[in-house]
Amino acid sequence: MGYAVVRGGLVLDIRSGTAAPADILIEDDTIRAVGPPGLAAPAEAHEIAAARRLIHPGLVNAHTHSHGNLAKGMGDRWTLELLLTAAPWLGGNRGAEDIRLSAQIGAVEMVLKGCTACYDLFFEWPMPSRDGMALVADAYAEVGLRAVIAPMVADRSFFEAIPGLADAVPTALQERVAALRLAPGETTLAAIRAALRDWPPDREQVRPAVAPTIPHHCSDDFILGCAALARDFDLGLHSHVAESKVQAMTGIRVYGKTQTAHLDRLGVLGPRFTVAHGVWLDADDMARLGDRGASVAHNPGSNMRLGSGLADARGMLDARVNLAIGTDGASCADNQNMYEAMRLASFVSKVQGPERRRWLSTREAALAATEGGARALGLDGRIGRIAPGFKADLVFLDLDHPNWLPLNDPVNQLVHCEDGTAVDSVMIGGRMVVANRRVLTVDLARLRERAEAARERLAALNADNRLLYDALEPIVDSHCPGLARLPYHVHRYGARLE
Ligand SMILES: [Zn+2]
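These numbers were taken from a predicted model, which means no experiment stands behind them.

Next up on the list: the packing of helix 10 (residues 245–255) against helix 19 (residues 463–484). Axis separation between helix 10 and helix 19 bottoms out at 8 Å; the angle between their running directions is 65 degrees. One way to sum up the angle between helix 10 and helix 19 is to call them roughly perpendicular. Of the two elements, helix 10 crosses helix 19, and the hand of that crossing is left-handed. Taken together, the residues of helix 19 that come into contact with helix 10 (itself represented by K245, V246, M249, T250 and R253) are C480, L483 and A484. Looking at the contact of helix 10 with helix 19 residue by residue, the class counts come to five nonpolar, one polar and two charged.

Moving on, we get to the packing of aromatic side chains. Applying the stated criterion to the full structure yields four aromatic pairs. Relative to Y469, the ring of W78 lies with its centre 6.2 Å away and its plane at 75 degrees, an arrangement referred to as edge-to-face. Pair noted here: W78 is in the loop between strand 6 (59–64) and helix 1 (80–85) and Y469 is in helix 19, with a separation of 391 residues, a long-range link. Neither W78 nor Y469 differs from the other in exposure class; each is buried. The interplanar angle of 75 degrees and the centroid separation of 5.4 Å between the aromatic rings of F158 and F159 together place this pair among those described as edge-to-face.

We now examine the coordination of the zinc ion. For the zinc ion, the full set of protein donor atoms is H63 (NE2), H65 (NE2), H240 (NE2) and D328 (OD), at a range of 2.0 to 2.7 Å. Around the zinc ion sit four donor atoms, and with donor-metal-donor angles ranging over 82 to 170 degrees the site reads as irregular. On the primary sequence, the residues serving as donors to the zinc ion are separated as H-x1-H-x174-H-x87-D. Taken together, the positions of H65 in the loop between strand 6 and helix 1 and D328 in the loop between strand 14 (322–325) and helix 15 (338–350) put the pair 263 residues apart, joining distant regions of the chain.

Let's shift gears to the state of the cysteines. Under the criterion given, the structure shown has zero disulfides. C218 carries a free sulfur, and the closest cysteine sulfur to it, the one in C226, is 6.1 Å from it. Residue C218 is classed as buried on the basis of its relative accessible area, which comes to 1%. As a non-bridged cysteine, C480 has C332 as the owner of its nearest cysteine sulfur, 16 Å distant.

The set of residues buried in helix 12 (residues 283–291) consists of D285, M286, L289 and G290. Looking down the long axis of helix 12, one finds its buried residues gathered within 135 degrees of arc, a one-sided arrangement. Exposed residues lying more than 90 degrees from the buried face of helix 12 are A283, D284 and D291. Elements in contact with the buried residues of helix 12: helix 11 (259–266), strand 12 (273–277), strand 13 (295–298) and helix 14 (313–318). Of the residues flanking the start of helix 12, the one acting as N-cap is D282, its side-chain oxygen 3.1 Å from the backbone nitrogen of D284. Remark: G293 follows helix 12 within two positions and exhibits a positive phi of approximately 75 degrees.

Moving on, we come to the nonpolar core. Y140, I149, M342 and L397 are the most contacted members of the largest nonpolar core, which has 97 residues in total. It is helix 3 (residues 96–112) that provides the largest number of residues to this core, a total of eight residues. Counting 27 residues, the second largest nonpolar core, distinct from the first, contains L80, L83, V476 and C480.

Extensive coverage of strand 11 (residues 237–241) is indicated by the burial of five of its five residues. Pairing between strand 11 and strand 12: five bridges, direction parallel. Paired with H240 across the two strands is A276, which belongs to strand 12.

Our next topic: the sheet that holds strand 14. Strands sit in the order 11-12-13-14 across an open sheet of four strands; the sheet is parallel. Two strands bound the open sheet, and with one partner strand each, they are strand 11 and strand 14. Across the sheet, the mean angle separating the axes of adjacent strands is 30 degrees when strand polarity is ignored.

It is worth spelling out the packing of helix 8 (residues 185–197) against helix 9 (residues 220–233) at this point. Two elements in contact, helix 8 and helix 9, have axes whose closest approach is 10 Å; the angle formed by their N-to-C orientations is 10 degrees. What the angle tells us is that helix 8 and helix 9 run roughly parallel. Mapping the contact onto sequence places G185, T188, L189, I192, R193, L196 and R197 in helix 8 and F222, G225, C226, L229, D232 and F233 in helix 9.

Cut-offs applied
Residues numbered from 1 in each chain as written. Predicted model: local features only at pLDDT ≥ 70, side-chain atom pairs only at ≥ 80, totals over all residues. Heavy atoms only, no water. Axes fitted to C-alpha atoms, helices over the stretch in contact; angles between N-to-C directions. Helix = DSSP H or I, 4+ residues; strand = E, 2+ residues; numbered from the N terminus. Parallel < 35°, antiparallel > 145°, perpendicular 65-115°, else oblique. Left-handed = near helix turned anticlockwise from the far one by under 90°. Contact = heavy atoms within 4.5 Å. Nonpolar A, V, L, I, M, F, W, Y, C, P; charged D, E, K, R; others polar. Phe/Tyr/Trp six-rings, centres within 6.5 Å; stacked < 30°, edge-to-face > 60°. Buried < 20%, exposed > 50% of the residue type's maximum accessible area, 1.4 Å probe, protein only. Donors = N, O, S within 2.8 Å, 3.2 Å for Na, K, Ca; no water. Tetrahedral: all angles 85-135°; square planar, octahedral: opposite > 155°, others 65-115°. Disulfide = S-S within 2.5 Å. Arc of directions from axis to C-beta. Polar contact = N/O pair within 3.5 Å; in protein donor to acceptor, adjacent residues only side chain to side chain. Core = buried A, V, L, I, M, F, W, Y, C linked by side-chain atoms within 4.5 Å. Pairing = 2+ DSSP bridges.

Here it is in structure tokens:
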């Protein structure tokens, strides 16, 4: 690729809150120098004009699900538990082309909205495969989005994982529910191991990870098996922890302690561990995560959409947890807009009480959406900043867009004003993937045709699964909230079990 030099833009430094005129010298996929206008560059350097552009480090989406993109907007008043019940309807009968297409749609949405890297917990029925992982990796590589892809796995179905739920299912439906059983744990772990064995050595563009989906959906042996894979192949671990109150209370029932305390006892928490959501973490849980150097992917949009609650981001930062921000999947968020997620992270912190010290600043929200996400993805020091040695993952915002008229404060406006509509161009690893508001790597018209064809075919194939959901909805809806009525003393900030 050689050299490129970006000239004439304002370069955002989130830590100092400034956007100074500066040029950026890029060699291949890496930033070599950032300096005052007129920065020296090799004669052969390709020049990129950036006048009237604010250049910010690409946003990092620390939690999404690529399989959700074909299911966007399919439901409304869903709790997490109803969403899990709807999974066979939303994601059933997917073929190879669907796996790839769903990831591509999300990747295109993300790059058009200023995101340059994501942590994707994708699901493949009945277990992950080498081919499935390769399809998702390929989809990201084609669009040009950097990604960590973690097969989302378990050895218990939702109905097996929630105490008393399987018994609450009427006899007529029990056979259908039994068919939702997942592959045995050892089979799933062996499938992931086989896929990892011949993973391409280049892990800068797309790297694997492992996602034991929800702790009590996994036996302890299975969680330890995932942790062993992570250790053997140097991967991240990612799990939905303390997301809904039902989930938090189920953890107490199953383990006699919080999910986080249980994971800590198993010895799986560490700098490569990411908790998704963490709405119902108590102060001890946060201290444990902070002490182990773990991350939380905070998904404020999804947490509100599913009625899961408001996470205590300040408590996490006080406990030295690495805070990252995610959109969550398109079947529960529903868009893949990291500007919105960042803005909601700021707002959600402010709506929890009048004590201003506990509110996130725009600087903290922006850092969580860049450097915090980088650390969660295992790419700290590689992405999330515009500085020498970092990957050239850059977003060019149009300062002539009304979002920026006038430019009063770059960080406040990035978090509170920008919504993705001012994104003009996006560079990932030195490659332009968006220019003049258009994605360059994928034919959008063709993507639309494929998406509509897939929607029609999958709707027909999953008609039965939809009927099954309709039949199960009232059962799950009456059983699960009962679990959440157990005492869980909620303080002004955070929660404590009694
Ligand atoms: Zn999730």
